[in-house]
Amino acid sequence: MNKKNQKQDMNIMKLMEKYHSDDSCRQVLVELRWPDGVICPRCESKDIRNSYTRDQYDCGSCGYQFSVTAGTIFHDSHLPLTKWFVAVYLMCESKKGISANQMKRTLSVSYKTAWYLCHRIRNAMSEGVPNLLKGIVEVDETYVGGKTKGMGHGYKGNKTIVVGAIERGGEARLHVIDDNGRKTLHQFIRENTRPETEAIYTDDWPAYRGIGDADTRHETVNHSAEEWVRGNVHTNSVEGVWSLLKRSIVGSYHKLSTKHLEAYLDELEWRFNNRENPYLFRDTLFKLINADNLPYDRLTAK
Ligand SMILES: [Zn+2]
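This report concerns the structure included in the present document. A quick note: this is a predicted structure, and the numbers were derived from the prediction, not measured.

## Topic: the sheet that holds strand β4 (residues 136–144)
Sheet strands associate in pairs through backbone hydrogen bonding, adopting either a parallel or an antiparallel arrangement. Read from one edge of the open sheet, five strands run β6-β5-β4-β7-β8, paired in mixed fashion. Each edge of the sheet is formed by a strand with only one pairing partner; in this case those strands are β6 (172–177) and β8 (217–221). This sheet shows a mean twist of 25° between the axes of neighbouring strands, independent of strand direction. Pairing of strand β7 (residues 199–203) with β8, which is carried by five bridges, proceeds in the parallel orientation.

## Description of the packing of helix α5 (residues 111–125) against helix α9 (residues 280–290)
For the pair α5 and α9, the least separation of the axes is 8 Å and the interaxial angle reads 95°. On the basis of the axis angle, α5 is roughly perpendicular to α9. Residues R120, I121, A124 and M125 of α5 form the contact with α9, whose own contacting residues are T284, K287 and L288. Of the residues contributing to the contact of α5 with α9, the split by class is four nonpolar, one polar and two charged.

## Focus: the coordination of the zinc ion
Distances from the zinc ion to its protein donors, C40 (SG), C43 (SG), C59 (SG) and C62 (SG), fall at 2.3 Å. Around the zinc ion sit four donor atoms, and with donor-metal-donor angles ranging over 103 to 113° the site reads as tetrahedral. In the primary sequence, the donor residues of the zinc ion line up as C-x2-C-x15-C-x2-C. Of this pair, C43 sits in the loop between α2 (22–33) and β1 (48–50) while C62 sits in the loop between β2 (57–59) and β3 (65–66), placing them 19 residues apart in sequence. Assessed through its relative accessible area of 37%, C62 is described here as partly exposed.

What counts and what doesn't
Residues numbered from 1 in each chain as written. Predicted model: local features only at pLDDT ≥ 70, side-chain atom pairs only at ≥ 80, totals over all residues. Heavy atoms only, no water. Pairing = 2+ DSSP bridges. Helix = DSSP H or I, 4+ residues; strand = E, 2+ residues; numbered from the N terminus. Axes fitted to C-alpha atoms, helices over the stretch in contact; angles between N-to-C directions. Parallel < 35°, antiparallel > 145°, perpendicular 65-115°, else oblique. Contact = heavy atoms within 4.5 Å. Nonpolar A, V, L, I, M, F, W, Y, C, P; charged D, E, K, R; others polar. Donors = N, O, S within 2.8 Å, 3.2 Å for Na, K, Ca; no water. Tetrahedral: all angles 85-135°; square planar, octahedral: opposite > 155°, others 65-115°. Buried < 20%, exposed > 50% of the residue type's maximum accessible area, 1.4 Å probe, protein only.

Here you go:
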């Protein structure tokens with residue numbers, strides 16, 4: 001299916017029209033959680049009655065009373081669903097991501113609430129087992145994080161290394177790595193691409209040498225000799241993602257810690273991989289319904 005020219009299914013006007021009330025938010029969650037009719041979360045019975053209180057269901061089998069948010073990430077939050085929906089929309093919509101401070105102002109909540117909310121949505125975005133990349137795959141590394149005084153621009157000791165792979169016209173995989181040596185880079189590529197991948201394009205960093213084999217070409221552009229594109233061989237797609245990452249770090253996440261960097265990468269990956277998906281908003285809500293809760297203690301543990 002060609003999704004390229006499809007418009008986003010959601011925009012801010014639609015969001016305000018459709019999801020301005022708790023009821024309308026609940027309705028879409030019911031449709032996403034139970035597409036074939038309400039099921040008891042405790043005993044999986046389909047013998048369900050609507051309770052006298054609206055939004056509550058009674059299980060005819062085990063007697064459990066529940067709402068659509070029971071057992072989901074939305075449940076143990078005092079935040080109204082309408083605010084959750086705005087937050088999800090903003091995180092889907094903003095190419096560079098949205099800072100906790102911006103979220104705080106937009107939703108009129110405390111900084112702590114906004115920060116935790118962003119992290120829970122981000123965590124839901126990161127779940128799932130990704131497919132291996134195939135076809136033509138670009139791989140590159142970049143450095144993010146602090147500058148050290150007195151050290152030149154090229155000093156990398158204080159920075160975190162991020163490696164990325166992108167299938168041409170397809171998805172991206174981004175990870176924090178400890179070093180940019182041969183073993184680490186080769187392992188990352190093996191774990192994220194199919195064995196029969198047609199080609200891997202990198203720059204001329206020696207650690208990539210030997211990544212090709214009988215059914216996978218390895219081609220390089222010689223960045224150190226100012227060669228950026230040779231025919232079809234380049235790493236421009238992955239460098240485009242680095243530029244998004246760097247603008248988001250500079251623009252939105254001023255105090256991005258290494259500890260949370262992997263989560264930010266997952267968020268960027270989710271948005272990038274759904275860049276042509278008109279149902280990104282709905283699909284993100286669906287992920288939230290099925291996501292593990294992310295306890296505040298675990299998030300803030302050292
Ligand atoms: Zn039941």
